[in-house]
Amino acid sequence: MPDPFAPRWPARVLLSLALTAILAACTTPPQVAVVAKPPAERRLPDAARLALAQRFPGLHVVSDNGGLLPTPGVDEIAVVLAKADGPGEFTIALLAPDGHGAWRVAESSRPILPGCAKCSVSADLAPHGLYVRVIRAEGADFENFTYQFAPGVGPEPWRLVGVTAYVPARPGDPASHGFSASVDLLSGQRTDITDDDAGGTLVHRERQSTVPLRAPIALGDFAFTADALDAETRALPPVAFDPAGTLPAAAAEALRERFPRMTVQSQSSGALRGEGRDIAAVLVPADRAARPGAAADAVVAVLLAQPDGSVQLAEVSGAMAHGCPTCGVQVQIARRTLEVQTTDVSASGSVSTDYQFAFRPKDAPLRLVTLRSETTVRAADSTNTRTVASTNLVNGDRVEVVDGVVNGRHRRSEQKWRLRPPAPVRLSDFTFDPTRLDDDLRPAPAVATGASLSGS
């Protein structure tokens, strides 16, 4: 927690330290208590409790945190309130001294509805403002949003000046990708940070971008819903797994000989079959290279390391003429699997599809073993729907999760099926068209193993 009496470090340093702590602490979703008890040694002044009881007669104090106001030597208290008989709804209140030992409610938020049974809300005062953290934890899904508010000038209310969103990868799902996004709402600067260790080596990446500025948002007007700042915090297309660099001379020569009019768009290396450095590369026609992310007519080529240190072109996919000429295509070799990801982002949403290939058994050609798709749809009425479908093509297990926010309410449904595993799909025969697998992956009601629906 920020120390109110700590030195006034620059905001960028504090933000970097906070992000590092969040990323270290939240690798896996913690078990978040619905109600966090305040420290035993702290007790609100009786006058402060009286002010809260008069303003919020049906609420009780869940937690409180004191800090220094911008005025030197003046204390203020941030309080999280909730209904005694209605868990899941919270209110933030700021208490300020009113002279002669009295206290008053200086600011308060609208009711905060995180949308799940294990959600939590906390508030902390620090020299740089008020930090409100909303954590949503439901099953394997976890979201951590931290909103920063700054005091207004004179009678002006506290206003929202920054937000940090952190969503980790789903545990046990190598196809999922976690991210954090921090946005300065005064300047529009956004910083995305990822720390990926899927390949066994931690790779830290940062991306700087800008977002359009909003009109000032007062603490009392902000909704704290999951989609309240969707335009600022939604996940951007993942940065390249392994940015295009210098291929080994033998690999470059092998690709040039087979594809004289193609260029390498992205690449990855790692142990795919043996212990040597195998290589996967996405190649696009040379006349399309000027269009970043062009996917139509792209192919994925796999080169396997040989005992003498050379590489040999082993397999090539079909052309990706799948009706998505603006899709981004990335490859990654990790955990002895080849992952190919296509991503298409538009104003109305995004579609990301992950295809995982592996040698099963070792001397057989690469075959498709896992298919995962994530589709996000954003409607004009502030309705957001995210659908994640994952299918294990080896044993037939399929999970489909539909997660959305409608009118500020979180809705989630999950359904699982056991399918008959489809016939093996070889990399060399595949064009990365998911519709080819529709007949195999369409569930039959008779084989459904269970479903759950939650909402609030």
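Quick notes on the rules
- Residues numbered from 1 in each chain as written.
- Predicted model: local features only at pLDDT ≥ 70, side-chain atom pairs only at ≥ 80, totals over all residues.
- Heavy atoms only, no water.
- Helix = DSSP H or I, 4+ residues; strand = E, 2+ residues; numbered from the N terminus.
- Buried < 20%, exposed > 50% of the residue type's maximum accessible area, 1.4 Å probe, protein only.
- Contact = heavy atoms within 4.5 Å.
- Areas by Shrake-Rupley, 256 points an atom, 1.4 Å probe, with all protein chains shown as cover.
- Arc of directions from axis to C-beta.
- Core = buried A, V, L, I, M, F, W, Y, C linked by side-chain atoms within 4.5 Å.
- pLDDT = per-residue confidence, 0-100.
- Pairing = 2+ DSSP bridges.
- Axes fitted to C-alpha atoms, helices over the stretch in contact; angles between N-to-C directions.
- Salt bridge = Lys/Arg side-chain N within 4 Å of Asp/Glu carboxyl O.

## A short note on the overall build of the chain
Logical step 1: Assigned secondary structure in the chain consists of 5 helices and 23 strands.
Logical step 2: Per-residue burial over the chain gives 43% buried out of 456 residues.
Logical step 3: Once local pairs closer than 6 in sequence are excluded, the contacts in the chain between residues at least 24 apart make up 48%.
Logical step 4: Accessible surface, the chain as shown: approximately 22700 Å² in total, 54% of it carbon and sulfur.

## Description of helix H4 (residues 249-258)
Logical step 1: Within H4 the residues assigned to the buried category are Ala251, Ala254 and Leu255. One face of H4 carries all of its buried residues, which in axial projection span an arc of 95°. Exposed residues on H4 whose side chains face more than 90 degrees from its buried face are Ala249 and Glu257.
Logical step 2: In this fold, the buried residues of H4 make contact with strand S12 (262-270), strand S13 (278-285), strand S14 (299-305) and strand S15 (311-316).

## Observations concerning the nonpolar core
Logical step 1: Of all hydrophobic cores here, the largest spans 29 residues; its most connected members are Leu130, Val132, Tyr147, Phe149 and Phe224.
Logical step 2: Only strand S2 (75-83), strand S3 (86-97), strand S5 (120-126), strand S6 (129-138), strand S7 (141-150) and strand S8 (159-167) provide two or more residues apiece to this core.
Logical step 3: Contact partners of Phe149, with chain neighbours within four places excluded, come to His128, Gly129, Leu130, Val132, Trp158, Arg159, Leu160, Val161, Leu219, Phe222 and Phe224.
Logical step 4: Listed in part, the 26 residues of the second largest apolar core include Val329, Leu366, Leu393 and Phe432.

## Section: the side chain of Thr337
Logical step 1: Topologically, Thr337 is positioned in strand S17 (residues 337-346).
Logical step 2: The contacts of Thr337, once residues within four sequence positions are left out, are Leu272, Gln332, Gln356, Phe357 and Ala358.

## Quick notes on the confidence of the model for the chain
Logical step 1: Within the chain, residue pLDDT values average 76, and 71% of them lie at 70 or more.
Logical step 2: Confidence drops under pLDDT 50 across residues 1-42; counting only partners more than four residues distant or on other chains, this segment forms 63 contacts.
Logical step 3: Ignoring residues within four places in sequence, the model shows residues 240-244, a span with pLDDT below 50, making 18 contacts including any to other chains.

## A look at the sheet that holds S12
Logical step 1: Taken together, 4 strands build an open sheet; the order of strands is S12-S13-S14-S15 and the sheet is antiparallel. Both edges of this open sheet fall to S12 and S15, since each of them pairs with a single strand only. Pairwise comparison of adjacent strand axes, ignoring direction, gives a mean angle of 25° for this sheet.
Logical step 2: Examined bridge by bridge, S14 and S15 share 5 bridges and lie antiparallel to one another. Across the sheet, Ala301 pairs through a bridge with Val316, a residue of S15.
Logical step 3: Those strands touched by H4 are S12, S13, S14 and S15, and its axis lies near 45° from that of S15.

## Here's the deal with the pattern of salt bridges
Logical step 1: The tally for this structure, following the rule as stated, stands at 11 salt bridges.
Logical step 2: The shortest N-O distance in the salt bridge between Arg214 and Glu232 comes to 2.6 Å. You can see Arg214 sitting in the loop between strand S11 (203-210) and helix H3 (230-233) and its partner Glu232 sitting in helix H3, a full 18 residues away along the chain.
Logical step 3: On the accessibility criterion, Glu232 (3% relative accessible area) is buried.
Logical step 4: Linking Lys416 and Glu414 is a salt bridge whose minimum nitrogen-to-oxygen distance equals 3.8 Å.

## Side note on helix H2 (residues 46-55)
Because each turn of an α-helix spans 3.6 residues, side chains separated by three or four positions end up pointing in the same direction.
Logical step 1: Among the residues making up H2, those that are buried are Ala48, Ala51 and Leu52. For H2, the angular spread of the buried residues around the axis is 95°, confining them to a single face. Residues of H2 that are exposed and point over 90 degrees away from its buried face: Asp46 and Gln54.

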